[in-house]
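# Inside the fold
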Amino acid sequence: MKVPEGLRDPVLWLLLAGVASLAAAIWNPVASWRSGVRDYLAVVDVTQSMNARDYLHQGRPRDRLSQVRTLLSDLTEALPCRSRLGLGVFAGWQTEVLLEPVTVCRHRSELKGVIERLHWQMGWVPQSNVLRGIDATLEGLSSLSGSPALVFFTDGDEAPPRWQEDIPPLEEGPRERNRGVLVGVGSREGSPVPQFDQQGKQTGFFTSDGERYRSALDQEHLRRIAERSGLDYRRLADGEGTISLLTSGRYLRTGRPEN
């Protein structure tokens, strides 16, 4: 059969294909939004070692906390619109949720506003215990709608150093997998930690035994914590690898966003 000349136009066929795709989404809306939903609670270590400057930005030294802020801001742009992101801070062995997970497109300005204000002065105690902090945070995730995956940013520099040389196993056995990712922040070579007064003015550097203290990413310690906690481990380098992981299909959620 001869095809009418008007139906030979490739633009027409592209338009028809687009209409068909739209109709499929309308008739099967669950599949359309489930395909890209990712829900996260991002928790950021705000202890003072995160002020160490061992990143470079436009050729200038940059502190760890600023590197995390940039990544989180980029993440709000990279996640599909129906995905949700919440924000919290960690100090001592506790996490304080600042913003429960909200949809990234509708609430992008609010998310970026909180991200920009993440600061070491939010810390409420000078000590830190990453293992206890992650355990407490994972337990608290069940109270958040949608069961978000955890994204926990820390350099693993604990105070006092290495609360637990041997990481105890869980009494109930290994945790379920794919609960999120533990992101190691900083350099393994170690960098001095600036000391500030309450007005934010640098007064010097922290010392230990009369020498300038150097804070290093404790990657082996964090890998062991991640394995024990059912988390992936990723080191934060330029940020692209971490965002690729968080926008991949590894942490897709099937719960429909509510906000």
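Residues numbered from 1 in each chain as written. Predicted model: local features only at pLDDT ≥ 70, side-chain atom pairs only at ≥ 80, totals over all residues. Heavy atoms only, no water.

### Observations concerning the overall build of the protein
- Looking only at helices and strands, one finds 7 helices and 14 strands in the protein.
- By residue count, 44% of the 259 residues in the protein fall in the buried class.
- Contacts spanning at least 24 positions in sequence make up 76% of the contacts within the protein whose residues lie at least 6 apart.
- Just so you have it, the protein exposes about 13,900 Å², and 52% of that area is on carbon and sulfur atoms. (Helix = DSSP H or I, 4+ residues; strand = E, 2+ residues; numbered from the N terminus. Buried < 20%, exposed > 50% of the residue type's maximum accessible area, 1.4 Å probe, protein only. Contact = heavy atoms within 4.5 Å. Areas by Shrake-Rupley, 256 points an atom, 1.4 Å probe, with all protein chains shown as cover.)

### Regarding the pairing of strand β5 (residues 94-103)
- Pairing of strand β4 (residues 84-91) with β5, which is carried by 7 bridges, proceeds in the antiparallel orientation. Bridging across to β5, F90 finds its partner in T95.
- Linkage of β4 to β5, two consecutive antiparallel strands, is achieved through a turn of 2 residues, within which G92 is found at a positive phi near 65 degrees. (Pairing = 2+ DSSP bridges.)

### Some words on the confidence of the model for the protein
- Confidence in the prediction of the protein, expressed as mean pLDDT, is 83, and 77% of residues score 70 or more.
- Low pLDDT (under 50) marks residues 11-35, which in the prediction has 12 contacts with non-local residues, meaning those over four places away or in another chain. (pLDDT = per-residue confidence, 0-100.)

### Focus on the pairing of strand β1 (residues 39-45)
- Burial of β1 is extensive: 7 of the 7 residues sit out of reach of the surface.
- Of the two faces of β1, the one lined by D39, L41, V43 and D45 and the one lined by Y40, A42 and V44 are each fully buried.
- One ladder, built from 7 bridges, connects β1 with β4; its direction is parallel. Bridge pairing links V44 to V89 in β4.
- As paired strands, β1 and strand β6 (residues 149-154) are joined by 5 bridges and run parallel to one another. Bridge pairing links L41 to L150 in β6.

### Section: the side chain of R62
- By secondary structure assignment, the location of R62 is in strand β3 (residues 60-63).
- D63 provides the closest opposite charge to the buried, salt-bridge-free R62, at an N-O distance of 6.4 Å.
- In this view, R62 contacts A52, R53, D54, Y55, H57, Q67 and T70; residues no more than four positions away in its chain are not counted. (Lys, Arg positive; Asp, Glu negative; His and termini not counted. Salt bridge = Lys/Arg side-chain N within 4 Å of Asp/Glu carboxyl O.)

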